[in-house]
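Here are the chains, one letter per residue:
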Amino acid sequence: MKEIQYTKMHGLGNSYVYINMFKETLDESEFKSLAINVSNKNTGIGSDGLILITPSDEADVGMRMFNKDGSEGKTCGNGLRCVAKYAFEHQLTHKETFTIETKAGIVEAYVHLDNDHQQVAEVTIDMGAPILERHQIPMLGEKAAYVINESFKVGGETLSATAVSMGNPHVIFFVADIDEAPLYELGPVITNDDRFPEGVNVEFIEVISETEMHFRVWERGSGVTEACGTGACAATVASILNGKSRRSEPVTVHLAGGDLTITWDGNGKVWMRGAAETITTGIYFADNK
Ligand SMILES: N[C@@H](CCC[C@H](N)C(=O)O)C(=O)O
């Protein structure tokens, strides 16, 4: 029986099973089924997916992420904070500022230590610049080059869409009351909409003020989750592009699982700061299905 050492971690309730590939040996062909199996709350560990912490030639550590359905995402904001915490606490790096390679590029992580300097309490990630060009998101359509406040017909309704890639695709809809957001009705429909050839993460946001918003997400490949870090970054960028938040002002994003602080200067980098937590560690019996 194959035994795999794992750690379950979460960022604001967005939980993944993390495997340290500096120690474990797994083949590429196993990743998809492993992600599906560990995510199952009845026959697996129970999570929103699987994250591999890998050696990297280009950065201090690498990250690969797989959604609940086994599909691979190029990046994951909550995952990056947890990878940073794991890497520092397990001495994969001794630096408090270090780099993480993802399939969407290399990002920089800064760990904020607790008072006795043993553990990572919070992490700030330089998530890089958002991608706004329609065809790079990617989103089909012949209209404007950027998808800002664009009419979007779905399920008999006409919504207003803003699309942003943070290395993975997001579409954001503003709502007046977050509790009335059609998350379960439209999330599964929009995530598979033909206008998004690679699928899309679907976010509804209620802007409370220029520096605060409520946020809910239907994630591509995982469905409703408690939080989405890249989604919170994309939502803040969307709010600024629509004139509802201000450039260079930190925005508190209230996700179902807690708060993130997101800052975008309007041109370059998006900064994300928030918590990362370890839940448990153990041995997964990979063949025991
Ligand atoms: N939860 C994540 C995003 C995970 C990947 C996403 N579902 C995708 O397929 O792009 C986050 O915190 O950013």
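The structure under discussion appears in the preceding block.
Note that the structure is a prediction, hence the values are computed from the model and not measured.

Talk me through the side chain of Thr-54; I want residue IDs and the actual numbers.
Its location among the elements puts Thr-54 in strand 3 (residues 49-54). The contact partners of Thr-54, leaving out residues within four places of it in the chain, are Met-21, Phe-22, Val-61, Gly-62, Met-63 and Arg-64.

Report on the site of the ligand, specifying residues and quantitative values.
Surveying the vicinity of the ligand reveals 15 residues, the closest of which are Asn-14, Gly-77, Glu-219, Gly-229 and Thr-230. The side chain of Asn-14 places a nitrogen or oxygen atom 2.7 Å from a nitrogen atom of the ligand. Contact between the ligand and Asn-168: an oxygen atom at 3.1 Å from a side-chain N or O atom of the residue. Protein burial of the ligand: of its 360 Å² of free accessible surface, 100% is covered by the chains. Contributions of two or more residues to the shell around the ligand are made by strand 2 (14-20), strand 4 (61-67), helix 2 (77-89) and helix 4 (229-241). Classifying every residue of the shell around the ligand by side-chain character gives four nonpolar, nine polar and two charged. Shared between two domains, the shell around the ligand holds at least three residues of each, these being domain 1 (2-117 + 276-286) and domain 2 (134-268).

Reading guide: rules and limits
Residues numbered from 1 in each chain as written. Predicted model: local features only at pLDDT ≥ 70, side-chain atom pairs only at ≥ 80, totals over all residues. Heavy atoms only, no water. Helix = DSSP H or I, 4+ residues; strand = E, 2+ residues; numbered from the N terminus. Contact = heavy atoms within 4.5 Å. Near = heavy atom within 4 Å. Polar contact = N/O pair within 3.5 Å; in protein donor to acceptor, adjacent residues only side chain to side chain. Areas by Shrake-Rupley, 256 points an atom, 1.4 Å probe, with all protein chains shown as cover. Nonpolar A, V, L, I, M, F, W, Y, C, P; charged D, E, K, R; others polar. Domains from an automatic or database assignment.

All quantities given are derived from atomic positions and should not be read as evidence of function.
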